[in-house]
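# Fold and contact review
What follows is each chain in one-letter form.
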Amino acid sequence: MKKEVGEKYRNALAVFLNLATDNVEEWLRSVPNTPKGATVIGALKNKDNVKAQMELFDSAVSHFYFLQWLYGKGAYFTKPNDEAAANGNCQTLADWIKLLYDLRNYWSHVDHDEILLSGKPLEEVNEMLLGLYLQACAEPKTNIPERYKGSAGINLVEMEISEGVYTVKKVTPRLSLTGAVFFTCLFLNGGQIGDFLESMEQSCYTFEELNARMEYRKNCSLMQHSENPVKKEKDFLYARDVYKYWKLRGHRAAAVSDAALDKKEACFGMLEYLKRCPEEAMELSGVKPDKNRRILLRGHAYDVREKDKFFDWALAFWDEEMSRVHV
């Protein structure tokens, strides 16, 4: 990424990458039989104590939801997790942690250069990181801009070559700003991810512009047909459900442990739908939306959204499930 682009985000990245490494170290301290003072990477590479390695890896898979998915694929981490596999699994996981610390050092210390964003640790994890990113982009109902799709979304495009009417993009493992943010969020909790994205968004603005935006947010419900503050184009994909996907996926699995995955997603999708204010409500309330299609009802602002095909499908699913319960 260009140095001048990254500089305005340096403070936010430095703070939350340090929080991410703190989360990893706090997890390490919670694992039984871990020597005091041991570093995460040192503990993972401890070939002299295979049993401790196995406990450490099993704990990591339970703690970090994205690792559950990678382990379940069976191709990246070795299964079953016996003594023969423990060392290999821990060495692989150490590559992920090494990249996290490299990123923390890059954004926290001015004397580090961009080679840390394209070294061996990134080459080792890049293919699986791309798989996590594509999965997070595919399931949430978020419209992903073309320039953030595929491997070019998390890696910098090194070269574009025109061949007739087509443009060929050469993508190499070298993290883009989106890639750095996505990778960091894998090690943050839900609240930290929200604060992180808010800080990244605010990094685009001056203090005067931030004050104007804050004033608008406080008074928008009282201001008739008010103009939105000017929005600046971001240098990274800003889609909260993409960055929170791997954290929420684990919580959803725990919340509805006895249901199949598609039924869980249907339930949560229905809850999201119920948060919307249907367009028919405007006729009943007599309130007209502003130009941004928002209305104010009883002191609360709502986004007005038309019904879609999901509504009929969700109701059919719910009726089917309820009929089974009452049989």
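Look a little higher up for the structure.
Here's a quick rundown of the structure.

Here is what the cut-offs are and how they apply
- Residues numbered from 1 in each chain as written.
- Predicted model: local features only at pLDDT ≥ 70, side-chain atom pairs only at ≥ 80, totals over all residues.
- Heavy atoms only, no water.
- Core = buried A, V, L, I, M, F, W, Y, C linked by side-chain atoms within 4.5 Å.
- Buried < 20%, exposed > 50% of the residue type's maximum accessible area, 1.4 Å probe, protein only.
- Helix = DSSP H or I, 4+ residues; strand = E, 2+ residues; numbered from the N terminus.
- Contact = heavy atoms within 4.5 Å.
- Phe/Tyr/Trp six-rings, centres within 6.5 Å; stacked < 30°, edge-to-face > 60°.
- Lys NZ or Arg CZ within 6 Å of the ring centre and 35° of its normal.

This part is about the nonpolar core. Phe66, Trp96, Phe182, Leu186 and Phe187 are the most contacted members of the largest nonpolar core, which has 69 residues in total. A per-element tally of this core places helix H6 (residues 83-108) first, with 11 residues. Leave out the neighbours within four places in its chain, and Leu186 touches Phe64, Phe66, Trp96, Leu129, Leu132 and Trp246.

As a further point, take the packing of aromatic side chains. Per the counting criterion, the structure on display carries 19 aromatic pairs. With 5.6 Å between their ring centres and 65° between their planes, Phe64 and Phe187 make a pair best called edge-to-face. A residue pair is termed long-range when its members are at least 10 positions apart, and Phe64 in the loop between helix H4 (50-63) and helix H5 (65-73) and Phe187 in the loop between helix H9 (177-185) and helix H10 (190-202) qualify at 123 residues. By the burial criterion, Phe64 is buried, and Phe187 matches it. Ring geometry for Trp96 and Phe183: centres 6.0 Å apart, planes at 15°, overall stacked. Of the two residues, Trp96 is situated in helix H6 and Phe183 in helix H9; the sequence distance between them amounts to 87 residues. We note that Trp96, like Phe183, is buried. Three or more aromatic residues joined by ring pairs make a cluster, and in this case those are Trp27, Phe57, Phe64, Phe66, Tyr71, Tyr76, Phe77, Trp96, Phe183 and Phe187. Geometry around Tyr106 places Arg10 over its ring, the cationic atom sitting 5.9 Å from the centre.

Within the secondary structure layout, Asn126 lies in helix H7 (residues 120-138). On a C-alpha basis, the gap between Asn126 and Gly179 in space is 9.9 Å, while along the polypeptide they are 53 residues apart. Ignoring anything within four residues of it in the chain, the contact list for Asn126 reads Asn155 and Pro173.

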